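Residues per chain, in single letters:
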Amino acid sequence: MMTDILRELSSACIVVGRDLNVLHANKAARRHFGQKNKRSGELEFSDLPQTLGAKIYQVFENRCGDGAVRYEPENSPGTVYSVSVVPFQRGNSTVPVSALLTAD
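J.: Got a minute to help me understand the packing of aromatic side chains in this structure?
T.: Within this structure, the stated rule accounts for two aromatic pairs. For the pair Tyr71 and Tyr81, a centre-to-centre distance of 6.3 Å together with 20° between the ring planes defines the contact as stacked. With Tyr71 in strand β3 (residues 69–71) and Tyr81 in strand β4 (residues 81–88), this residue pair connects regions lying ten residues apart in the sequence. For Tyr71, a relative accessible area of 10% puts it in the buried group.

Quick look at the structure:
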């Protein structure tokens, strides 16, 4: 159900597992952050700008998000995203099993 919801949002949504594998990326995420020259069209963690990858990693280390941050891509001056990364935890687990990045 969550995948269906994320797929329909106009915001870029990326779910990254604790092992830094991209578990889900909707169309908007692949369009904004994907590599244009890739045949598969699948998004990989290494495709993300270093700034955003560091935010995801920080959520896994600190176990919490730090609210929305402003992100301006180097290759697209004048384009500004509001990006937030939140942890997903399972049951009583004290560590996130994945993180959700959204960019508007």
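J.: What's the story with the environment of Asn26 in this structure? I'm lost.
T.: By secondary structure assignment, the location of Asn26 is in the loop between β2 (22–25) and α2 (27–33). Asn26 sits in the buried class, given a relative accessible area of 1%. Separated by twelve residues in sequence, Asn26 and Ile14 place their C-alpha atoms 6.8 Å apart. From its side chain, Asn26 meets the backbone oxygen of Ser11 in a polar contact 2.8 Å long.

J.: Can you help me understand the sheet that holds strand β5 (residues 98–103) in this one?
T.: What links the strands of a sheet is backbone hydrogen bonding, and the strands pair in either a parallel or an antiparallel sense. The strand order across the open sheet built from five strands is β2-β1-β5-β4-β3, with neighbouring strands paired in antiparallel fashion. At either end of the open sheet lies a strand with only one pairing partner, and these are β2 and β3. The sheet shows a mean angle of 25° between the axes of neighbouring strands, taken without regard to direction. Pairing geometry for β3 and β4, over three bridges, is antiparallel. Residue Val69 lies in a different strand from β4, and its bridge partner there is Val83.

J.: Whenever I open this one, helix α3 (residues 50–62) confuses me. Can you help?
T.: Count 3.6 residues to each turn of an α-helix, and residues three or four apart come out pointing the same way. The end-to-end C-alpha separation of α3 is 18 Å, in line with the 18 Å expected for 13 residues at 1.5 Å each. Count one or two residues on from α3 and you reach Arg63, which has phi positive near 65°.

J.: What should I look at first to understand the environment of Glu74 in this one?
T.: Along the chain, the position of Glu74 falls in the loop between β3 and β4. Distance in space between the C-alpha atoms of Glu74 and Pro49 is 9.2 Å, their sequence separation being 25 residues.

J.: Can you help me understand the pairing of β4 in this one?
T.: The side chains of a regular strand alternate between both faces of the sheet. Note that β4 and β5 share six bridges and pair antiparallel. Within β5, the position partnered with Pro87 by the bridge is Ala99.

J.: Just to check I follow, could you spell out the side chain of Ser98 for this structure?
T.: Its location among the elements puts Ser98 in strand β5. Under the relative-accessibility criterion, Ser98 is labelled buried at 7%. Here Ser98 is in contact with Val15, Val16, Gly17, Arg18, Leu23, Phe60, Val86, Pro87 and Phe88, once residues within four sequence places are set aside.

J.: Looking at this structure, how should I read the pairing of β2?
T.: With three bridges connecting them, strand β1 (residues 12–17) and β2 associate as antiparallel partners. Paired with Val15 across the bridge in β2 is His24. The hairpin formed by β1 and β2 contains four residues between the paired strands, and Leu20 there has a positive phi angle of roughly 65°.

Rules behind the numbers
Residues numbered from 1 in each chain as written. Predicted model: local features only at pLDDT ≥ 70, side-chain atom pairs only at ≥ 80, totals over all residues. Heavy atoms only, no water. Phe/Tyr/Trp six-rings, centres within 6.5 Å; stacked < 30°, edge-to-face > 60°. Helix = DSSP H or I, 4+ residues; strand = E, 2+ residues; numbered from the N terminus. Buried < 20%, exposed > 50% of the residue type's maximum accessible area, 1.4 Å probe, protein only. Polar contact = N/O pair within 3.5 Å; in protein donor to acceptor, adjacent residues only side chain to side chain. Pairing = 2+ DSSP bridges. Axes fitted to C-alpha atoms, helices over the stretch in contact; angles between N-to-C directions. Expected span 1.5 Å × (residues − 1). Contact = heavy atoms within 4.5 Å.

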